[in-house]
Amino acid sequence: MKTFLLFFGFLVAPLAGNEIQHFTKAEILGDINPAHLKSFDKLKTKHCTKANAYLRDEVYSAFKKMAKEAEKDGVHFVIISATRNREYQAGIWNRKWNTFGGELLERAQKILQYSSMPGTSRHHWGTDFDLNSLNNSYFESGKGQKEYEWLRDHAHLFGFFQPYTAFNDSRDAGYREEKWHWSYYPTASKLQRAYNHLVSYQDLKGFNGSELAKELNVISNYVNGVEVPERVK
Ligand SMILES: [Zn+2]
């Protein structure tokens with residue numbers, strides 16, 4: 001047994017290293033065109049309101065399984081936003097930057113309530129999507145409440161979790177609560193680990209206010225400001 005464990009330990013160490021190497025910096029930072037990547041699938045129109053939307057293969061498969069199960073309970077899920085690359089995110093960010101007023105730091109903080117700095121979004125990874133509505137209030141009554149309760153009770157069985165919960169003891173920084181944003185833990189957790197190994201603040205540039213990224217601690221507060229429930233791990 002001891003020999004086996006020693007051997008096993010020896011095997012695991014190089015594997016863990018490879019896991020990180022498995023993702024390129026371009027994938028982690030969203031410098032991709034998912035239409036050109038074999039590891040991504042195009043979403044069918046019955047699953048997504050947007051044309052030309054993509055998720056990683058395994059993420060889309062898990063979503064389809066979950067959506068099918070939910071239908072049996074009379075709950076319908078449709079993806080309204082999936083993979084967004086860094087260039088697209090820069091468009092969102094710069095548009096908000098030019099619309100919102102105030103001091104530069106305040107302006108960035110206001111955008112960061114619900115939108116990521118380019119290069120820091122989980123939507124870059126192909127593991128995350130937004131479901132049904134971009135309003136928390138939608139999920140707090142009637143049909144939306146039923147959908148949210150279904151996710152709360154079942155999403156983990158398919159590998160999904162809500163990374164941006166309401167602030168609490170284990171999550172006290174980052175984006176506001178997003179009841180619509182769901183993430184596929186098996187792949188996203190690896191990408192997050194790779195992000196922390198490979199990305200530094202020097203990589204976050206090319207958009208308005210990028211010099212504030214470090215001051216705002218966007219990597220620790222936003223990239224890592226997620227709550228992962230034990231049951232999804
Ligand atoms: Zn989202």
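Structural data are supplied above this passage.
Computed from a predicted structure; not experimentally measured. (Residues numbered from 1 in each chain as written. Predicted model: local features only at pLDDT ≥ 70, side-chain atom pairs only at ≥ 80, totals over all residues.)

### Details of the environment of Lys190
Spelled out, the test is: Strands are runs of DSSP state E lasting at least two residues, helices are runs of H or I lasting at least four, and both sets are numbered from the N terminus onward. Exposure is read from a count of other C-beta atoms within 10 Å of each residue's own; the residue is exposed at 12 or fewer, buried at 20 or more and partly exposed in between. C-beta atoms are placed from the backbone.
Position of Lys190 among the secondary structure elements: in helix α7 (residues 185-198). Exposure remark for Lys190: the 16 C-beta atoms within 10 Å place this residue in the partly exposed category. For Lys190 and His22, which are 168 residues apart along the polypeptide, the C-alpha to C-alpha distance reads 9.3 Å.

### Points about the environment of Glu147
Where we set the bar: Contacts here follow a simple rule: the backbone-placed C-beta atoms of the two residues must lie within 7 Å.
With respect to the helices, strands and loops of the structure, Glu147 is situated in helix α6 (residues 142-154). Looking at Glu147, the number of C-beta atoms within 10 Å reads 23, which means it is buried. Taking the C-alpha atoms as reference points, Glu147 and Asp41, 106 residues apart in sequence, are found 25 Å from one another. Not counting residues up to four positions away in its chain, the partners in contact with Glu147 are Val75, Phe77, Asn132 and Phe139.

### Notes on the environment of Ala35
In this fold, Ala35 is placed in the loop between α2 (25-29) and β1 (40-42). Linking Ala35 and Thr99, residues 64 residues apart in sequence, is a C-alpha distance of 31 Å. Leave out the neighbours within four places in its chain, and Ala35 touches Asn52 and Tyr54.

### Quick notes on the sheet that holds strand β6 (residues 181-184)
Test applied: Being paired, for any two strands, means DSSP has found at least two bridges between them.
Spatially, four strands are ordered β3-β4-β6-β5 in an open sheet, and the strand pairing comes out antiparallel. Each edge of the sheet is formed by a strand with only one pairing partner; in this case those strands are β3 (79-81) and β5 (160-161). Pairing geometry for β3 and strand β4 (residues 128-131), over two bridges, is antiparallel. Paired with Ser81 across the strands is Asp130, a residue of β4.

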